[in-house]
Amino acid sequence: SFIGEESVAAGEGSILTDNPTWIIDPVDGTTNFVHRFPFVAVSIGFVVNKKIEFGIVYSCVEDKMYAARKGKGAFCNGQKLQVSGQEDITKSLLVTELGSNRDPETIKIILSNMERLLSIPIHG
């Protein structure tokens, strides 16, 4: 099976089943692309039994290929990636994206989530 982000965003229905499924977003960061903001990627995931098996993200402008496989780790251009050992959230930098859905109920949820995140004493 295939699920394409662009067709789902255009209103076509999509149901994730247990079948092996490719999930593809050919222009991940469409808004960035439209505004010539350089963070755009091609994102591909492969799911079996509704569980992700692997994913690949190609950051076009940076020419970086990110790949991860369940149980095998994540890599950037073949180099193993590793998370920091930081466990104290107050020493973190929070990065978020608000999405493009302007439905009033969605906005309410986003703002509620942001309020909870902003109440944490983080660096920025």
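One structure accompanies this document, and this report is about it. The structure displayed is predicted, hence computed values, not measured ones.

Conventions we followed
- Residues numbered from 1 in each chain as written.
- Predicted model: local features only at pLDDT ≥ 70, side-chain atom pairs only at ≥ 80, totals over all residues.
- Heavy atoms only, no water.
- Pairing = 2+ DSSP bridges.
- Helix = DSSP H or I, 4+ residues; strand = E, 2+ residues; numbered from the N terminus.
- Salt bridge = Lys/Arg side-chain N within 4 Å of Asp/Glu carboxyl O.
- Buried < 20%, exposed > 50% of the residue type's maximum accessible area, 1.4 Å probe, protein only.

**Thoughts on the sheet that holds strand β7 (residues 79-80)**
Across the sheet, which stays open at both edges, the seven strands sit in the order β1-β2-β3-β4-β5-β6-β7 with mixed pairing between neighbours. Each end of this open sheet is capped by a strand with a single partner; those strands are β1 (2-4) and β7. When strand β5 (residues 64-69) meets strand β6 (residues 73-76), the two strands line up antiparallel, connected through four bridges. Within β6, the position partnered with A67 by the bridge is F75.

**Here we look at the pattern of salt bridges**
Taken as a whole and judged by the stated rule, the model has two salt bridges. The residue E53 makes a salt bridge to K70 at a minimum N-O spacing of 3.5 Å. Here the residue E53 occupies a position in strand β4 (residues 51-59), and K70 occupies one in the loop between β5 and β6, the gap between them amounting to 17 residues. Residue classification places K70 among the partly exposed positions, given a relative accessible area of 49%. Its salt-bridge partner being K91, residue D88 comes within 3.6 Å of it at the nearest N-O pair. According to the relative accessible area criterion, D88 is partly exposed, its value standing at 31%.

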